[in-house]
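Single-letter residue listing:
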Amino acid sequence: MRIGELAEAVGVTTRAIRHYHHLGLLPEPERLSNGYRDYGLRHAVLLARIRRLTELGLGLAEVRDVLADDAGKELGEVLAELDQDLARQEAEIRERRARLRGLMEAGVGVEGPVSEELASLFRRTASLLDDSPMAAKDREVLALIETGTRPEDRERFVSLISGSLSGPDGIERARAAYALLDDLADAEVDDPRVEAAATALVGSLPDGLLPDDREGIDLDSPFLRALYADFAPAQAEALRRAVELLLTRGRNSPAPPPGPPA
């Protein structure tokens, strides 16, 4: 095969193939007497492997490491591994499409696509909004936090929030906290209501929300600074004070009991 035929067969560009040659990911084939490169099946298999690995999110340096591990393997073994890669991608696509169907059926809010668990929580607590700007922002923050949460921790995170709101007076406590925070939109930073709003917010949050390593939490982290900057000064001060109160509550409270054995 010539380079254009190889590129068409695998679904990449000839420029990409030349780039992989330059990086040493794809070996240069022998040239025919007319000077054209002559690519074979192994080149196509290897190029497909590179494409699939990059589509899975690996950087080219990581692809190089994977390919180094494949060195010396029989063609059939490499083909089998490529087939496994494709099967994993198919499973991931089916799962994503199932989640997308659920989101399309339920409707997607301004906070954007979220997990089915969090979408279900948003549906069950829709009454919390009641035109509260703070409640709407809180949903966006929850969606952002969930996005950055490890998959194995996501269910626990949503379960804690859901359990807190489903408990006795959970909805009322959250609505009261939102109302206090909304009232601070035009207040001064030293307004006495700041402390009341922070206390109410902490009272509406579940125990166990903080990680076990509470000492490692940076109160001046870029994430928290960006979070505070999105609110009015008094509201930001109430949120900052709430974080401090949460840390204090975490240090003074026993660690949550371990869950049931798997």
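All figures in this text were calculated on a predicted structure; none of them were measured in a lab.

Draft legend 1. Just the overall build of the chain, in detail. A tally of helices and strands in the chain yields 12 helices and zero strands. Helices and strands appear in the chain in the N-to-C order α-α-α-α-α-α-α-α-α-α-α-α. Evaluated residue by residue, the chain yields a buried proportion of 35% over its 262 residues. In the chain, of all internal contacts separated by at least 6 residues, the share reaching a separation of at least 24 is 63%. Looking at the chain as shown, the accessible area adds up to about 16,000 Å², and 54% of this sits on carbon and sulfur atoms.

Draft legend 2. Examining a nonpolar patch on the surface more closely. Residues Leu144, Ile145 and Phe223 make up a contiguous nonpolar surface patch of about 250 Å² in total accessible area. Topologically, Leu144 is positioned in helix α7 (residues 133–147). Leu144 sits in the partly exposed class, given a relative accessible area of 48%.

Draft legend 3. The pattern of salt bridges, seen in detail. For the coordinates displayed, the defined rule picks out nine salt bridges. Glu55 serves as the salt-bridge partner of Arg52, at 3.2 Å between the closest nitrogen and oxygen. Placement of the pair is Arg52 and Glu55 together in helix α3 (residues 41–55), with a separation of three residues, close to one helical turn. For Glu55, a relative accessible area of 40% translates into the label partly exposed. Close ionic contact of Arg241 with Glu195 constitutes a salt bridge, the shortest N to O distance being 3.1 Å. A residue pair is termed long-range when its members are at least 10 positions apart, and Arg241 in helix α12 (residues 233–252) and Glu195 in helix α10 (residues 193–203) qualify at 46 residues.

Draft legend 4. Quick peek at the side chain of Ser132. Checked against the element boundaries, Ser132 lands in the loop between α6 (116–124) and α7. Only 3.1 Å separates the side chain of Ser132 from the backbone nitrogen of Ala135, close enough to count as a polar contact.

Draft legend 5. Structural detail: the side chain of Arg37. Assignment of secondary structure puts Arg37 in the loop between α2 (14–23) and α3. At a separation of 2.8 Å, a polar atom in the side chain of Arg37 contacts the side chain of Glu28. Dropping the residues within four chain positions of it, Arg37 is found in contact with Met1, Arg2, Ile3, Arg18, His21, Glu28, Pro29, Glu30 and Arg31.

Draft legend 6. Quick peek at the nonpolar core. Grouped together as the largest cluster of nonpolar side chains are 34 residues, with contacts concentrated most on Leu181, Leu184 and Tyr228. Taken together, the elements giving at least two residues each to this core come down to α6, α7, α8 (151–166), α9 (170–183), α10, α11 (222–229) and α12. In contact with Tyr228, not counting residues within four places along its chain, are Ala236, Leu239, Arg240 and Val243. With 19 residues, the next largest nonpolar core counts Val10, Ala44, Val63 and Leu67 among its residues.

Draft legend 7. A look at the confidence of the model for the chain. For the chain, per-residue confidence averages 79 on the pLDDT scale, and residues scoring 70 or more make up 78% of the total. In this model, residues 251–262 is a region of pLDDT below 50 whose contacts with residues beyond four sequence positions or in other chains number four contacts.

Draft legend 8. Expanded view of α9. A rise of 1.5 Å per residue sets the reference length of α9, with its 14 residues, at 20 Å; its end C-alpha atoms lie 20 Å apart and thus fit the reference within 8%. Taken residue by residue, α9 has Gly170, Ala174, Ala177, Tyr178 and Leu181 as its buried positions. Angular distribution of buried residues about the axis of α9 spans 100°; they occupy a single face of the element.

Criteria and cut-off values
Residues numbered from 1 in each chain as written. Predicted model: local features only at pLDDT ≥ 70, side-chain atom pairs only at ≥ 80, totals over all residues. Heavy atoms only, no water. Helix = DSSP H or I, 4+ residues; strand = E, 2+ residues; numbered from the N terminus. Buried < 20%, exposed > 50% of the residue type's maximum accessible area, 1.4 Å probe, protein only. Contact = heavy atoms within 4.5 Å. Areas by Shrake-Rupley, 256 points an atom, 1.4 Å probe, with all protein chains shown as cover. Patch = residues over 30% accessible without salt bridge, like charges linked within 9 Å, V, L, I, M, F, W, Y side chains within 5 Å. Salt bridge = Lys/Arg side-chain N within 4 Å of Asp/Glu carboxyl O. Polar contact = N/O pair within 3.5 Å; in protein donor to acceptor, adjacent residues only side chain to side chain. Core = buried A, V, L, I, M, F, W, Y, C linked by side-chain atoms within 4.5 Å. pLDDT = per-residue confidence, 0-100. Expected span 1.5 Å × (residues − 1). Arc of directions from axis to C-beta.

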